[in-house]
2 protein chains.
Amino acid sequence: MNAEILSVGTEILLGNIVNTNAAYLSEQCALLGLSVYHQEVVGDNAGRLSEAIARALSSSDILIITGGLGPTTDDLTKETASALMGFALVEDKKAREMLEERMRAYLGNDSHRRLTANNYKQALVPEGATVLYNQNGTAPGIIMEKEGKTCILLPGPPGEMIPMFKDQVFPFLREKLPEVIVSRMVKISGIGESQVAADIDDLISAQQNPTIAPYAKTGEVHLRVTAKGRSEEECRELIAPTLGELTRRFGSFIFATDEAVTLEAAVLDMLKKRGLTLSTAESLTGGALSSRLVSVPGASQVFACGYVTYSNEAKASALGVSPDTLERFGAVSAECAREMAEGACASSGTDAAISTTGFAGPAAPSDNHPVGTVYMACAIRGKVTVREYHFKGNRNRIRESTVSHALSFLRECLLESN
Amino acid sequence: MNAEILSVGTEILLGNIVNTNAAYLSEQCALLGLSVYHQEVVGDNAGRLSEAIARALSSSDILIITGGLGPTTDDLTKETASALMGFALVEDKKAREMLEERMRAYLGNDSHRRLTANNYKQALVPEGATVLYNQNGTAPGIIMEKEGKTCILLPGPPGEMIPMFKDQVFPFLREKLPEVIVSRMVKISGIGESQVAADIDDLISAQQNPTIAPYAKTGEVHLRVTAKGRSEEECRELIAPTLGELTRRFGSFIFATDEAVTLEAAVLDMLKKRGLTLSTAESLTGGALSSRLVSVPGASQVFACGYVTYSNEAKASALGVSPDTLERFGAVSAECAREMAEGACASSGTDAAISTTGFAGPAAPSDNHPVGTVYMACAIRGKVTVREYHFKGNRNRIRESTVSHALSFLRECLLESN
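Rules and cut-offs
- Residues numbered from 1 in each chain as written.
- Chains lettered and ligands numbered in written order.
- Predicted model: local features only at pLDDT ≥ 70, side-chain atom pairs only at ≥ 80, totals over all residues.
- Helix = DSSP H or I, 4+ residues; strand = E, 2+ residues; numbered from the N terminus.
- Buried ≥ 20, exposed ≤ 12 C-beta atoms within 10 Å, placed from the backbone.
- Axes fitted to C-alpha atoms, helices over the stretch in contact; angles between N-to-C directions.
- Parallel < 35°, antiparallel > 145°, perpendicular 65-115°, else oblique.
- Left-handed = near helix turned anticlockwise from the far one by under 90°.
- Contact = placed C-beta atoms within 7 Å.
- Nonpolar A, V, L, I, M, F, W, Y, C, P; charged D, E, K, R; others polar.
- Pairing = 2+ DSSP bridges.
- Expected span 1.5 Å × (residues − 1).
- Least-squares fit on C-alpha atoms with pLDDT ≥ 70 in both.
- Domains from an automatic or database assignment.
- Core = buried A, V, L, I, M, F, W, Y, C linked by C-beta atoms within 7 Å.
- Bend = angle between axes of the 7 residues up to and from the residue.

Some remarks on the overall build of chain A
Assigned secondary structure in chain A consists of 16 helices and 17 strands. Projected onto its principal axes, the C-alpha coordinates of chain A cover approximately 80 × 60 × 40 Å. Every one of the 418 residues in chain A was classed for burial, and the buried ones make up 48%.

Written out as structure tokens, the structure reads:
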């Protein structure tokens, strides 16, 4: 079966927002085993919207449309798609009640603002369609089915669209598909993307069922292993040997086999299990490393304190890096990185610390280190490991690479400290 | 004139990457005064690519295609577009030389890797077309013009596409357009998006030339003022009264009228001009605030040191927040925020400091503060201002809002301290 994704919104055509909805829905379709041959974007214009929907329905089994379900007269998606599919619009009682409740909560005692006819437009649904009630906004989603074609309408804001897709559309589509699809994500850090690609080249070439799809992220590679079968159990049995083979090949470079687990969460979990507390000492990353750690709920059980020592004075005063080291080796040096990590442990009283210092550019540094040179040190219960890196790209790219590799480096040191 | 944007790449249809190219090109077209009615994405498939190009050329004056210019047999964009436009492919001497030079630099002495016929495919160009030489990759871009239609082919990687567009395509299109377009960006912080929208509602309703287009970012609103005219001077004269009116309405809430200046850069610049150094003391933001400051080249002249004090112990030991304050008011309190900012100045010896403490969720806090409650304090030469905020959304959204509003808050305090 194939699907097409149509995003509606003039703000996308003006470049005001990036179309992340299409990327999310495409990945979900891939996960379901649906082929996507087209993505399209049109504005809030009846003629062009109608043309785009008609064209998509003629070439695809399933059409997923996001956006244009709002209360304004510009929002035409529901009206246009219903007319093309031959569905009349009728008021849905539950949708109206939910709308009134939400607007009451929103407007409160603001008595001069009242629900208008435009607001009530959002409670109209195609007669006989499946209504997807919206827990995060006022526009319900819609599934219309007719003559072998399925047209799914979803609200544009990702905060409404994604939960609705996850909770209501994904199960609907999985049920509808002739085969069951099961996928597992194998997340790798500490090896480059091209090395991973080379290491699984034979598996990719020979793949049939399950398939392996690599997704590269800065400092990480994710491999999605997807099987099709008649039951979940059959899929899991199909996946097992591939998972085993990937585990054999990548071993401890695999930090998670669960989609929801991030590298920072995996590292914090390792620290927690070992009973270690952590501090950070950052120069070029400026707090971006600690920020990623703190993005994990519950990080405070492990992560105690971060030092952003951007100036030499701060390196000396907050972390006790010796002026002699800064003088002789400079702030971008293995020696400075080591003293930063040791100083972070000493100042904060944590068991472990990781430090970053380097040149992110754009100005060329004064000594002979090129832009992109980074030193990191990891201290675990007094044992310090220092590593030199050379990253490419602009200032932000170098800083981003440093953060990802710092997490990966910390993970390796934790594995070795066992 | 109207333009269409076609992105080619199976990786987009699989959701492996987000189509940021289309957003960039759409914004650039808006800037040029070109109307974009469609964006489309197709995979590396000759039939579907050919159909999409033919359809786009029939309805648009200008078609901009990104992707599919690589050396592999999957890359079909140049071959397909040239055939449709009726151009024969011939080798371009300079493109071949640049290709050989780049591959030599890349392969080095790696003698068993040689340029293949596939590599040389990248030096073929449509006969009579304008060749856009690529300073950042191996695939040249192409401009083909025939019978009033213009077809522009650009490489897919943004690091190659964006410089090529900026340096070669933008000037070409501006030249081609019957009118000159000049735009200025007015960047505002400290007022919400809906308030800004309400404040300029009359200007938007009455707008003709120049136009005003609002672009919302977290904690900021950008207004792009664009004029069309016969000369740059005429455009600048058309823009001036609108810029004057916006300045009258938003005054010091405007932090930049230069597209390239970020809020963090504007704040650092204000500090530098006042001869003030800065430190940060972060709890819930975990270093994301200092990270944004450090993203500005030259930040080290002003920003000395950041403390990420996530635990109560760290707040006490690194910043000297009194145990009594933590006990009586809790870590999320105006009192704690004040002592964090004062402590950051004292510990780091800076003239100014800003602190953040709050509940980002997802777990509900133990006392009666709801998730999203944030206190910030700004200390400037001993004078401390404290403010309470209530942000909405998930953990990341609350942290992101806090960082943006912290910069805006710091800016307001600096303006008042004058």
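Describing the packing of helix α3 (residues 46-59) of chain A against helix α4 (residues 77-85) of chain A
To describe two helices that pack against each other, one gives the angle between their axes and the distance between the axes. Residues and elements named next belong to chain A. Taken N-terminus to C-terminus, the directions of α3 and α4 make an angle of 45°; their axes are 10 Å apart at the nearest point. Classified by the angle their axes make, α3 and α4 are oblique. The two elements α3 and α4 cross, and the hand of that crossing is right-handed. In contact with A46, L49, S50, I53 and A54 of α3, α4 contributes T77, T80, A81 and L84. Looking at the contact of α3 with α4 residue by residue, the class counts come to 6 nonpolar, 3 polar and no charged.

A word on the interface of chain B and chain A
Taken together, the 54 residues of chain B in the interface contact 54 residues of chain A. Secondary-structure elements contributing two or more residues to the side of chain B that touches chain A are α1 (10-13), α2 (20-32), β2 (35-42), β10 (211-217), α12 (288-294), β14 (303-309), α13 (312-319) and α16 (395-416) of chain B. Its residues assigned to classes, the side of chain B that touches chain A shows 29 nonpolar, 20 polar and 5 charged. Direction of pairing for strand β2 (residues 35-42) of chain A relative to β2(B): antiparallel, over a ladder of 5 bridges. Paired with A:V41 across the two strands is B:Q39, which belongs to β2(B).

A word on helix α2 (residues 20-32) of chain A
Along an α-helix, residues three or four apart share an orientation, since each turn contains 3.6 residues. All names here are of chain A. For α2, built from 13 residues, the straight-helix expectation of 18 Å at 1.5 Å per residue is met to within 8% by its first-to-last C-alpha distance of 19 Å. Burial within α2 is extensive, with 10 of its 13 residues counted as buried. Along α2, the residues that are buried comprise N21, A22, A23, L25, S26, Q28, C29, A30, L31 and L32. G33 sits one or two positions beyond α2 and adopts a positive phi of about 85°.

Observations regarding the sheet that holds strand β8 (residues 149-154) of chain A
Note on sheets: strands pair through backbone hydrogen bonds, and any given pair is parallel or antiparallel. Overall, mixed pairing links the 12 strands, which are arranged β6(A)-β7(A)-β8(A)-β3(A)-β1(A)-β2(A)-β2(B)-β1(B)-β3(B)-β8(B)-β7(B)-β6(B) in an open sheet. Strand pairing shows two members of the sheet lacking a second neighbour, β6 (130-132) of chain A together with β6 (130-132) of chain B, which therefore form its edges. This sheet shows a mean twist of 15° between the axes of neighbouring strands, independent of strand direction. As paired elements, strand β1 (residues 2-8) of chain B and strand β3 (residues 62-66) of chain B share 5 bridges and run parallel to each other. Its bridge partner lying in β3(B), B:I5 is registered against B:I64. Against the sheet, α2(A) touches β1 (2-8), β2 and β3 (62-66) of chain A, its axis set at about 165° to β1(A). In the packing of helix α7 (residues 158-176) of chain A onto the sheet, the strands contacted are β3, β6, β7 (141-146) and β8 of chain A, and the crossing angle to β8(A) comes to about 160°.

Observations regarding the pairing of strand β8 (residues 149-154) of chain B
All names here are of chain B. Within β8, 5 of the 6 residues are buried, leaving the element largely enclosed by the surrounding structure. Across 5 bridges, the pairing between β3 and β8 is parallel. Within β8, the residue paired with L63 across the bridge is C151. Bridge analysis of strand β7 (residues 141-146) against β8 gives 5 bridges, and the strand direction is antiparallel. What sits directly across from I143, in β8, is I152. From the end of β7 to the start of β8, which pair antiparallel, there are 2 residues, and E147 there has a positive phi angle of about 45°.

Side note on the relation of the copies chain B and chain A
Its rotation angle being 180°, the transformation that places chain B on chain A also includes 0.2 Å of axial translation and leaves an RMSD of 0.2 Å. Seen this way, the second copy is the image of the first under a two-fold rotation axis. A share of 100% of interface residues in chain B that are also interface residues in chain A marks the association as one of identical surfaces.

Concerning the sheet that holds strand β17 (residues 383-390) of chain A
Strand order across the open sheet formed by 10 strands is β17(A)-β16(A)-β15(A)-β13(A)-β14(A)-β14(B)-β13(B)-β15(B)-β16(B)-β17(B), with mixed pairing between neighbours. Across the chains shown, the open sheet's two edge strands, defined by having one partner strand only, are β17 of chain A together with β17 (383-390) of chain B. Across the sheet, the mean angle separating the axes of adjacent strands is 10° when strand polarity is ignored. Bridge count for strand β14 (residues 303-309) of chain A against β14(B) is 5 bridges, and the pairing is antiparallel.

A short note on the domain arrangement of chain A
Residues and elements named next belong to chain A. Entries for chain A in the domain assignment read domain 1 (2-176), domain 2 (180-256) and domain 3 (263-416). Centre-to-centre, using C-alpha coordinates, domain 1 lies 33 Å away from domain 2. In terms of residue class, the side of domain 1 that touches domain 2 is built from 2 nonpolar, 1 polar and 1 charged.

Things to note about the nonpolar core
Of all hydrophobic cores here, the largest spans 106 residues; its most connected members are A:A341, A:C378, B:A341 and B:C378. With residues near it in sequence (within four places) discarded, A:C378 still touches A:A341, A:I354, A:T385, A:F409, A:L410 and A:C413. Counting 102 residues, the second-largest nonpolar core is a separate cluster that includes A:A23, A:A52, B:I12 and B:A123.

Quick notes on helix α10 (residues 232-250) of chain A
Residue and element names in this part refer to chain A. The end-to-end C-alpha separation of α10 is 26 Å, in line with the 27 Å expected for 19 residues at 1.5 Å each. Along α10, the helix axis deviates most sharply at I239, where the bend reaches about 30°; the proline P241 sits within four residues downstream. Of the positions making up α10, those classed as buried are C235, T242, L246 and F250.

Regarding the pairing of strand β15 (residues 352-358) of chain B
All names here are of chain B. Across the 7 residues that make up β15, a large majority, 7, are buried. Residues A352, I354, T356 and G358 line one face of β15 and the alternating positions A353, S355 and T357 line the opposite face, and both faces are buried. As defined by bridge partners, β15 adjoins strand β16 (residues 373-380) across 7 bridges and the pair is classed as antiparallel. Within β16, the residue paired with A352 across the bridge is I380.

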